Amino acid sequence: MSNALRPDPLVLLDPNEPAATNAGDGGLYFNGDIPRSRVTEFAAPGPGWDAAPRRTGSDGFLNSSQFELLEILADLIIPTDYHSPGARAADVPAWLDRLIAASPLTDQDRWRDGLGAIEALASVTHTRTFVSLNEGQQIALLASLAVNESTPTTDEERFFRFLKQAVWDAYYRTEIGIHLDLEFRGNGFNKAILRIGES
Amino acid sequence: MIDAIVIGSGATGGWAAKTLTEAGHRVLMLESGGPIEPHKHYAHHTRPYDLKYGNRFDNEWLQRERRPIQSKVYACDEYGAHFFIDDIDNPYSTPEGKPYVWIRGGLIGGRSNVWGRQSLRMSDFELKSASLDGYGEDWPISYSDLVQAYDEVERFAGISGSAEALPQLPDGQFLPPMPMTRGELALKSAVEKHWPDRRVIISRSAVLTENHNGRAECHYCGNCARGCRTHSFFSSVGSTIPAALATKRLEIRTNAHVSSVDFDATLGRATGVTYVDKATGRSVRVHARTVVLAASTIASTRILLNSRSTAFPNGLGNSTGNLGKYLHGHVHSIWITGIAPGAMDSFSIPEGDRPCQIYIPRFQNLGKQDRPYLRGFGIEGAVRRKMLPSGIASIPGFGKGFKQAVRNAVKTDPPIFFLTAFGEMLARADNVVTLRDDMRDRWGLAVPHITCTYGANEHLMSADILTIIKEIANVAGFDVRTERSQPGTPGLCIHEVVPLEWGPPRATRCSIGGTCSGTRLTCLWWTVRAMSHRACRTQR
């Protein structure tokens, strides 16, 4: 990852950024200033969550097969579960695609090469495209890249680490990630903070 | 007919306009930047998904085309870049290998729209530091001269804080203090027990903890640096400018880029101001008996240096040639961060953020020289949770298990902490703002050349800051994970000061001491005092 994308640990620990990751829905509205969250559209669990279409008139970087692969990978990393919709329903792939389009060339190369490497791995191990594998095969292949997550040695392993961080970082900036999954209620009109020092 | 021209609409400009208009003067305020629309520009409740890139890019990359310098400051990000000037249209220069970051506001309200809100009084340890340690000059005033106007400023602006009866940090007229988190209370207890001369207190912050002068109390969303629509922290846009406008004696002109103060040698006084109307590119002259320079430290210096006449060929207020010298700010950005174990239950879920930090007032070189450098620093920090768990980057795996582990960690991961410091920079004659006639901004005005470096004293202090904040973290039982040992680029703390001369010329007059407390409150004090004085005199 180049310097252009935020390094993850420092996002959480940067003293100059008091609340940059504190984004969310206050819940307690003070006046008419803040629009109601749009998350009600997703409030009921169901298969419709996974049906979020790719944005029309894409301003992204990836071609359609790369994008299709990214959609699958993102949803494997953060799937829909009993609690909340996953990365694909949260539109993470389209968002990442737009970020990649605005990224430095080195980052764009990294995405293209990394996705290509995963595709090549599927081809070597199964002689099929990653997308056409069944879910079990996809998970097994990804798990083989996650084994050395803390100390990756191959390009594919390094890309998995990079990809995973990009996906969760993007997911927890979406409405679904912030409001439905984390149930974060900050960044709004809120008095609860006044209780933080009470025992 | 205008009685006074105020150049600049930030913290001091707003206060000058308020004081003068309330005393019956008709005031014209000139702002180089554009108008502000709080409902459009203030982004305190904007979420990442409301932004094109979710604030995910490094600021400097995202703003590389128009704001390569401004984007070095935390607030010039995807949420708030519009608060800052365009660096390409507004250049300045620095010597090779000596960077200086000059952060400038680009809208009505200036940097008060997004400032850090820490509001500390200066004490005689700072005002009279030359008498105490022999370096530089004392301020020509002492704390007792400041008390009344400090009171007035605090009562109007609304400063929350706790009274502590510390000689190095005088108490003020405070609104109720904000609470500390449990982790901060633990830090306080450990530090004060281990070092009886160190106190851990809540910051004195220009954020309202109750409704005050028609402004709403803070609602703790935690995003002050993006502007506050409820005006719960002090800014000129939220308080002093509305007060001045209410008198119906204030006119504000935006895009009025001042080039010089006009001086009439026959009358022996300033007669007005010349500015470039950015919309038309035309030069405009306005007349008034009083001119107030509140354009920020370096911009006001530029205007004075550029106010050249036969009587004052080197600019106004510069007959000794000292104008622009002794530029200083703070030693800043030495920090540690990490995990505060044992403070796990500091609060159950982060629901926003407290808009202030904790503060450890200066304890070095007070009354006796006990450190290998002059002057001192105050420590700031916090222990808190954020939306994402502190250990998210090390949660292994993927899929449903990962997702559940993140949710669990939100409830169980310990909070993070950080400690940093702002230290006094010695005022040195070779840290100087000059004017470059060979380099012009988009509107044809000569731009500043800024030379500012840290000296040996600042480097000795920097090393001590890192040692001391690590000791403090250690005593509190915190786990340090990251650190920064070098001070940040001069200027980036946005606390710059250039002394001006007053009274009869004297060679060393400008080398007054800096301050570890910061000068925001003192700037406002100075504005109140000077403006009240000016208002009285003009009436007579």
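Here the structure is a predicted model, which is why all the values come from computation and not from measurement.

## Considering the packing of helix H2 (residues 64–77) of chain A against helix H6 (residues 155–171) of chain A
All names here are of chain A.
Turning to step 1, where the next piece is worked out: Close contact between H2 and H6 brings their axes to 10 Å; oriented N to C, the two are set at 75°. In this view, H2 runs roughly perpendicular relative to H6, as classed from their interaxial angle. Contacts between H2 and H6 involve Leu70, Leu73, Ala74 and Ile77 on the former and, on the latter, Leu163, Lys164 and Val167.

## Considerations on the pairing of strand S8 (residues 269–277) of chain B
All names here are of chain B.
Turning to step 1, where the next piece is worked out: Here strand S7 (residues 256–264) runs beside S8; their pairing, made up of eight bridges, is antiparallel. Across the sheet, the residue bridging to Ala256 is Asp277, located in S8.
Turning to step 2, where the next piece is worked out: Counting the residues that bridge the hairpin from S7 to S8 gives four residues, and of these Gly268 lies at a positive phi of roughly 70°.
Turning to step 3, where the next piece is worked out: Bridge analysis of S8 against strand S9 (residues 283–287) gives five bridges, and the strand direction is antiparallel. Each bridged residue has a counterpart across the sheet, and for Val276 the counterpart in S9 is Ser283.
Turning to step 4, where the next piece is worked out: Two successive antiparallel strands, S8 and S9, enclose a turn made up of five residues, where Gly281 displays a positive phi of approximately 80°.

## Remarks on the side chain of Gln108(A)
Residue and element names in this part refer to chain A.
Turning to step 1, where the next piece is worked out: Looking at where Gln108 falls in the secondary structure, it is placed in helix H4 (residues 105–126).
Turning to step 2, where the next piece is worked out: Overall, the relative accessible area of 10% leaves Gln108 in the buried class.
Turning to step 3, where the next piece is worked out: A polar side-chain atom of Gln108 sits 3.0 Å from the main-chain carbonyl oxygen of Ile100.
Turning to step 4, where the next piece is worked out: Here Gln108 is in contact with Phe61, Ile100, Ala101, Ala102 and Ser103, once residues within four sequence places are set aside.

## Looking at the confidence of the model for chain A
Low-pLDDT portions of the prediction should not be read for the details of their coordinates.
Residue and element names in this part refer to chain A.
Turning to step 1, where the next piece is worked out: Looking at chain A, pLDDT values average 73 and 64% of them are 70 or higher.
Turning to step 2, where the next piece is worked out: Between residues 1–56, whose pLDDT stays under 50, and residues either more than four places distant or in other chains, the model counts 143 contacts.
Turning to step 3, where the next piece is worked out: Under a pLDDT of 50 for its full length, residues 195–199 has, in the predicted model, 12 contacts with residues more than four places off or in other chains.

## Here we look at the confidence of the model for chain B
Residues and elements named next belong to chain B.
Turning to step 1, where the next piece is worked out: A residue-level look at chain B finds 93% of positions with pLDDT of 70 or above and a mean pLDDT of 90.
Turning to step 2, where the next piece is worked out: Confidence drops under a pLDDT of 50 for residues 346–350, and excluding neighbours within four residues, the segment shows 18 contacts in the predicted structure.
Turning to step 3, where the next piece is worked out: Predicted confidence for residues 505–510 stays below pLDDT 50, and this span has 18 contacts to residues more than four positions away or in other chains.
Turning to step 4, where the next piece is worked out: Interface scoring of the predicted complex returns ipTM 0.87; its pTM is 0.88.

Basis of the calculations
- Residues numbered from 1 in each chain as written.
- Chains lettered and ligands numbered in written order.
- Predicted model: local features only at pLDDT ≥ 70, side-chain atom pairs only at ≥ 80, totals over all residues.
- Heavy atoms only, no water.
- Axes fitted to C-alpha atoms, helices over the stretch in contact; angles between N-to-C directions.
- Helix = DSSP H or I, 4+ residues; strand = E, 2+ residues; numbered from the N terminus.
- Parallel < 35°, antiparallel > 145°, perpendicular 65-115°, else oblique.
- Contact = heavy atoms within 4.5 Å.
- Pairing = 2+ DSSP bridges.
- Buried < 20%, exposed > 50% of the residue type's maximum accessible area, 1.4 Å probe, protein only.
- Polar contact = N/O pair within 3.5 Å; in protein donor to acceptor, adjacent residues only side chain to side chain.
- pLDDT = per-residue confidence, 0-100.

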